[in-house]
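# Understanding the architecture of this molecule
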Amino acid sequence: MEHVHDYLIVGAGMAADAAAKAIREVDAAADIGMVGEESAPPYQRPPLSKALWKGDKQLADIDLGTAASGATLYQGRRIVALDRAAHVARDGQGDTYRYRRLLLATGATPRRLPFEGGERLIHFRTLDDYQRLRRYAQPGAIIAVIGGGFIGAELAASLSGVGCKVSMLFPDAHIGAGRYPDGLARHLDDYYRQRGVDVRSGVRVTGGKSTDGGVELALSDGSLLRVEAAVAGLGVTPATALAEQAGLKLDNGVVVDAQLRSSEPDIWAAGDVANFFNPALDRRLRVEHEDAAVSMGRHAGRAMAGIAASYDALPFFYSDLFDLGYEAVGLLDTRLDVVEDWREPYREGVVYYLERGRVRGVLLWNTWDQVDAARALIAEAGPFDAAALKGRLPRSA
Ligand SMILES: Cc1cc2nc3c(=O)[nH]c(=O)nc-3n(C[C@H](O)[C@H](O)[C@H](O)COP(=O)(O)OP(=O)(O)OC[C@H]3O[C@@H](n4cnc5c(N)ncnc54)[C@H](O)[C@@H]3O)c2cc1C
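Residues numbered from 1 in each chain as written. Predicted model: local features only at pLDDT ≥ 70, side-chain atom pairs only at ≥ 80, totals over all residues.

### Details of helix α7 (residues 290–304)
Compared with an ideal rise of 1.5 Å per residue, which puts 15 residues at 21 Å, α7 spans 21 Å between its outermost C-alpha atoms and is within 8% of the ideal. Burial analysis of α7 places 13 of its 15 residues in the buried class, the great majority of the element. G306 lies just past α7 and shows a positive phi near 110°. (Helix = DSSP H or I, 4+ residues; strand = E, 2+ residues; numbered from the N terminus. Expected span 1.5 Å × (residues − 1). Buried ≥ 20, exposed ≤ 12 C-beta atoms within 10 Å, placed from the backbone.)

Right, dumping it as structure tokens:
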């Protein structure tokens, strides 16, 4: 069967939803098609590892309401081929989609462990993954969380919060190592342990298999760990298979210009899959966070509908870890020069990441409403040092 749309969006996630709504705002008569592999219509992904577990949100709350854009949604369909010269995409069932302009909003794919652990080993990314984990995460259930980054840290806190016995396994020295300064990262390990999480740093999962009613993991210290379910958050890679097949320029994602257009004039890219230039940081970035997905999706949608402008936003991101939380902007990398300014050590404060005297990243730890002030600081030429940054944020509005 052939479908014909003026605008075709490949992927039906957060960037896709923002793009469809933006196209509709600019072009009231737009004919928009959206093809998504998942069975659910576009939804907010961040609550999968936090708000849904705390009960702050229910499943009905995370639907993004994409229908309001008037896009025709093809759910449960994966685009497997893209002919950019002919302007035709094809899905796995053989249907074709003819388009005038196309957005790649294919997101990212979780890294996988190199073994099959069966139904109870979950590489966490989607609503289906959340529902699968939720089935096993009964109070008292023994669950392994593999990975000490964003997703692992959030899931360990959430699972522990619903009464599971959690073992957290990761190869680094501490939770969030490389991102948080050493003292804060050590404090986090203790914070998790005090809340009952069995934090095992410096440990790699080297193998595993499904067992009757669980998963058995082989660890780098030679031990075996038997759990009722294991959930992995090992980072993601940009979902570029289609872009590669179509011959688009790639470099850690789909390379886009200031308008988020790819190397092919009628194809844009936005969200986790896109590699864009950020003027404030003076470098290319690929950001795997909600604010980037939504703002880029919106920007690309407007550009596709004819409103040309440069995307120069510096996205922020956030996380919740038990009752701790933060917002952050720019590069959080402890290889930069780190300046810590705590109002209360590891409870409330600001961490700055500097490169040759310029602020390149700001971590606002339990410090709120400072994202714009942090962005402004990153745009300033400096130079800054620790003395100049002490007490600089928070700024009153
Ligand atoms: C558990 C979790 C918690 C998170 N928490 C936070 C947070 O606290 N703060 C924050 O800032 N960010 C967070 N993020 C990151 C944020 O959710 C992502 O950055 C955002 O969802 C990216 O949006 P996207 O549209 O680029 O990709 P996605 O939302 O991943 O959507 C891409 C969609 O495209 C589909 N797709 C891929 N290829 C094809 C194809 N060929 N054909 C059809 N469909 C295809 C995929 O199945 C997917 O549904 C979290 C992510 C996860 C997984």
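### Overview of the site of the ligand
The full set close to the ligand counts 37 residues, and G11, G13, R45, G107 and G271 are the nearest of them. Put simply, the parts of the chain that give the shell around the ligand at least two residues each are α1 (14–26), β2 (32–36), α7 and β21 (316–321). Among the residues making up the shell around the ligand, the classes are represented as 19 nonpolar, nine polar and nine charged. Counting residues domain by domain, the shell around the ligand receives three or more from each of domain 1 (2–109 + 236–304) and domain 2 (112–232). (Near = placed C-beta within 6 Å. Nonpolar A, V, L, I, M, F, W, Y, C, P; charged D, E, K, R; others polar. Domains from an automatic or database assignment.)

### Topic: the sheet that holds strand β9 (residues 142–146)
Spatial strand order, β8-β15-β9-β10-β11: five strands in an open sheet with parallel pairing. In the strand order of this sheet, the two ends are held by β8 (121–123) and β11 (198–200), each with one partner. Neighbour-to-neighbour, the strand axes of this sheet turn through a mean angle of 15°, independent of strand direction. Examined bridge by bridge, β9 and strand β10 (residues 165–169) share five bridges and lie parallel to one another. Counted as the bridge partner of A144 is S167 from β10. Across the sheet, helix α4 (residues 150–161) is in contact with β9, β10 and β15 (229–232); its angle to β9 comes to roughly 165°. (Pairing = 2+ DSSP bridges. Axes fitted to C-alpha atoms, helices over the stretch in contact; angles between N-to-C directions. Contact = placed C-beta atoms within 7 Å.)

### Side note on the domain arrangement of the chain
Domain parsing of the chain yields domain 1 (2–109 + 236–304), domain 2 (112–232) and domain 3 (323–389). The distance between the C-alpha centroids of domain 2 and domain 3 comes to 29 Å. For the side of domain 2 that touches domain 3, the residue count by class is two nonpolar, two polar and one charged.

### With respect to the packing of α1 against α7
Contact pair α1 / α7: the axes reach a minimum separation of 7 Å and the direction vectors enclose 35°. For the crossing formed where α1 meets α7, the hand is right-handed. The segment α1 lies against α7, with M14, A15, A16, D17, A18, A19, A20, A22, I23 and V26 engaging E290, A293, V294, M296, G297, R298, A300, G301, R302 and M304. (Left-handed = near helix turned anticlockwise from the far one by under 90°.)

### Some thoughts on the sheet that holds strand β24 (residues 348–355)
Strand order across the open sheet formed by five strands is β21-β22-β25-β24-β23, with antiparallel pairing between neighbours. Each edge of the open sheet is held by one strand with a lone partner, namely β21 and β23 (337–344). For this sheet the average axis-to-axis angle between neighbouring strands, irrespective of direction, equals 15°. As defined by bridge partners, β21 adjoins strand β22 (residues 324–330) across six bridges and the pair is classed as antiparallel. Each bridged residue has a counterpart across the sheet, and for L321 the counterpart in β22 is L324. Set on the sheet, helix α8 (residues 371–379) makes contact with β21, β22 and β25 (358–365); between it and β25 the angle comes to about 165°.

### Examining unusual backbone geometry
Following G382, the chain continues into P383 via a peptide bond in cis, with omega recorded as 0°. Residue position: P383 is located in the loop between α8 and α9 (386–389). Residue P394 follows L393 across a cis peptide bond; omega there is 5°. By the element assignment, P394 lies in the segment after α9. Here H87, not a glycine, exhibits a phi torsion of approximately 60°, which is positive. By the element assignment, H87 lies in the loop between β4 (79–83) and β5 (88–91). On the neighbour-count criterion, H87 (16 C-beta atoms within 10 Å) is partly exposed. Phi is positive for D282, which is not a glycine, with a value near 55°.

### Observations concerning the nonpolar core
Of all hydrophobic cores here, the largest spans 52 residues; its most connected members are I9, V10, A19, L103, L104, L260 and A270. Ignoring any residue separated from it by four or fewer positions in sequence, one finds V10 in contact with V35, I79, A89, L102, L103, L104, A105, T106 and L242. A137, I151, A156 and A230 belong to the second largest nonpolar core, which has 46 residues in total. (Core = buried A, V, L, I, M, F, W, Y, C linked by C-beta atoms within 7 Å.)

### Focus: helix α5 (residues 182–194)
Each α-helix winds once per 3.6 residues, and so residues spaced three or four apart point in a common direction. Helix length check: α5, at 13 residues, gives a terminal C-alpha distance of 18 Å against a target of 18 Å (1.5 Å per residue), a fit within 8%. Those residues of α5 that sit buried are L184, A185, L188 and Y192. Down the axis of α5, the buried set is contained in an arc of 100°. They therefore lie on one face. Among the exposed residues of α5, those pointing more than 90 degrees away from its buried face are D182, R193 and Q194. As for α5, its buried residues are in contact with α4, β10, β11 and β21. Once α5 finishes, G196 follows within two positions and takes phi at roughly 95°, a positive value. (Arc of directions from axis to C-beta.)

### Re the pairing of strand β19 (residues 274–278)
Relative to β19, strand β17 (residues 254–255) is paired through two bridges, and the arrangement is parallel. Across the sheet, residue V254 finds its bridge partner in β19, namely A274. Where β19 folds back on strand β20 (residues 283–285), the antiparallel hairpin that results is connected by four residues, among which D282 adopts a positive phi of roughly 55°.

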